[in-house]
Each structure stands twice: as structure tokens, then as C-alpha cells.
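One letter stands for each residue in the lines below.
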Amino acid sequence: KIYRNRVTSLANIEQQIIDFCEPMWRGENTSHPDLSPNMFTTFNQNNMLHRYELFAPLVEELNSMIAECWKEFQLYRNLTPVINEMWVNETKKDGAIISHNHAPYPIAGVVYLRNTPGMGNLVFENPINLLHSMQLYDWSGTTEITKNIEQEISVTTGDVVMFPGWLRHKTHANLLNESRYAMSFNVACTGEYPIEGYKKKI
């Protein structure tokens, strides 16, 4: 299940966030194994952006959405979801995110600070696509089988998308000459989860 929403506080601080991150993108150690060339991330230098006052309006909105998402995903109600990491990526022309997941986080998410058609949509992979690829299907044409291997999500500036942390995802390449900006975050939780039912009784 995928959670979708839109933020309303972005218009006033979008450029400020980009300006804040610019020195980090131009510094050292701005690449990541999940990112192709022509992509730059603040993750290695600062993945705690949710703690900064500049991000407070966005974080306040996101916290409410995260609580909704937690319920929609039917995660354990006595655990409290909290943002544990937050960073911003810049994607220049031809840049793309390589297939990966955010396990073991229960929820991963992204806010699109600046994204227009042609900058690359978000793509989710069917978790059983490996099983499908091992079957003796007829792959010569477009069928329901090939359609179900990936699901592309159209996204634009202000969109919020949250999904299970184990779900593999990627993006298409940015085909435009202007940069795409996206703020990603990982959601952890506080509290205790009852595991007595899973313990072997001797």
C-alpha cells in the first residue's frame, strides 16, 4: 500500500531549503551507492535536517501525515512513529535513483521540493518480480504480467509519497536541463512491540 498526500507549507521555504543544501551538494562525499552520476545528496554530511528550524513547518505537516500512514498501513498502534533521518537530493540532467529499499525502517517517504514532467517519476518494484522473472511466460508482448512488474507513480512539486521501508523503488532519469529536488526521510518508532507470541515455548 502506498500513502499519498500534498504539503501546503512548501511554497514559502522551498528556495530556502535548496539554498541551505547547496553548499553540501558542492562539498565532498556527496555521492551514494543508491544514486547514479549527476546526483548529489546531503545524506553523508547531514541526514538530520528534520532537527533544523527551517524544516519545522514541513516536519509538522509530515508528522500528521506519518500518523495517518501508520494507521493506514495497520502498523502496531501502541508504537509511536518518529522521523529518524531526513536529507535532500539534487538530481541534474540524466541523474536517477537506482533500485534500493530502506529496510529495516517500517516507513520511508519523499517530499518533492521541485519536480515537473520530464524530471523523472517514482517507480515501485513488485516484491515478487524475481518469482515472475523465473516463470516461462511469453515476454514478447505487453501483457498484464509485464505491467505488474513495476508501478510508476507520477509526482509533482509538493507531493508526498510514503511506502513500506522494505519496498524496492527507483526513479526514471531527469530528462530536463533543470534540477529535480526531493527531500527523503525514514520513519522509525518508539515503544515496545509484543513478541511473546513468537518466542518458542520449552
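Keep in mind that what you see is a predicted model, and the values were worked out from it rather than measured. (Residues numbered from 1 in each chain as written. Predicted model: local features only at pLDDT ≥ 70, side-chain atom pairs only at ≥ 80, totals over all residues. Heavy atoms only, no water.)

Caption draft 1: Representation of the sheet that holds strand 7 (residues 159-164). The strand order 1-7-4-9-3-2 describes an open sheet built from six strands, whose pairing is antiparallel. Edge strands, defined here as strands with exactly one partner in the open sheet, are strand 1 (3-6) and strand 2 (39-41). Mean inter-strand twist for the sheet, computed between neighbouring axes without regard to direction, equals 25°. As paired elements, strand 2 and strand 3 (residues 80-91) share three bridges and run antiparallel to each other. Residue Phe40 lies in a different strand from strand 3, and its bridge partner there is Glu90. (Pairing = 2+ DSSP bridges. Helix = DSSP H or I, 4+ residues; strand = E, 2+ residues; numbered from the N terminus. Axes fitted to C-alpha atoms, helices over the stretch in contact; angles between N-to-C directions.)

Caption draft 2: Structural detail: the nonpolar core. Formed by 32 residues in total, the largest nonpolar core has its most connected members in Leu62, Met86, Val88, Leu113, Met162, Met183 and Phe185. Mapped onto this core, the elements with two or more residues apiece are helix 1 (14-25), helix 2 (56-72), strand 3, strand 4 (107-114), strand 7 and strand 9 (180-190). Looking at this core element by element, the count peaks at seven residues for helix 2. The contacts of Met162, once residues within four sequence positions are left out, are Ile2, Tyr3, Met65, Ile66, Cys69, Phe73, Ile107, Ala108, Gly109 and Phe185. Judged by nonpolar contacts, the second largest core, of eleven residues, contains Ala108, Leu122, Val161 and Leu167. (Core = buried A, V, L, I, M, F, W, Y, C linked by side-chain atoms within 4.5 Å. Buried < 20%, exposed > 50% of the residue type's maximum accessible area, 1.4 Å probe, protein only. Contact = heavy atoms within 4.5 Å.)

Caption draft 3: Inspection of the packing of aromatic side chains at higher detail. Under the definition given, this model contains six aromatic pairs. Where Phe20 meets Phe55, the ring centres are 5.9 Å apart and the plane angle is 75°; that geometry is what we call edge-to-face. Here Phe20 is found in helix 1, whereas its partner Phe55 is found in the loop between strand 2 and helix 2, with 35 residues between them in sequence. For Phe55, a relative accessible area of 0% translates into the label buried. Connected via pairs of aromatic rings, a cluster forms that spans Phe20, Tyr52 and Phe55. (Phe/Tyr/Trp six-rings, centres within 6.5 Å; stacked < 30°, edge-to-face > 60°.)

Caption draft 4: Local environment of the environment of Thr80. Tracing the backbone through its elements, the reader meets Thr80 in strand 3. Separated by 89 residues in sequence, Thr80 and His169 have C-alpha atoms that sit 25 Å apart. Not counting residues within four places of it along the chain, the set of residues in contact with Thr80 comprises Ala188, Cys189 and Thr190.

Caption draft 5: The arrangement of the pattern of salt bridges in detail. One pass over the full model with this rule turns up eight salt bridges. A salt bridge links Arg114 to Glu14; its shortest N-O distance comes to 2.7 Å. Residue Arg114 is found in strand 4, and its partner Glu14 is found in helix 1; the two are separated by 100 residues along the sequence. Judged by relative accessible area, Arg114 falls into the partly exposed class, the value being 24%. With a relative accessible area of 16%, Glu14 lands in the buried category. Close ionic contact of Arg26 with Glu90 constitutes a salt bridge, the shortest N to O distance being 2.7 Å. Taken together, the positions of Arg26 in the loop between helix 1 and strand 2 and Glu90 in strand 3 put the pair 64 residues apart, joining distant regions of the chain. Judged by relative accessible area, which is 2%, Glu90 ranks as buried. (Salt bridge = Lys/Arg side-chain N within 4 Å of Asp/Glu carboxyl O.)

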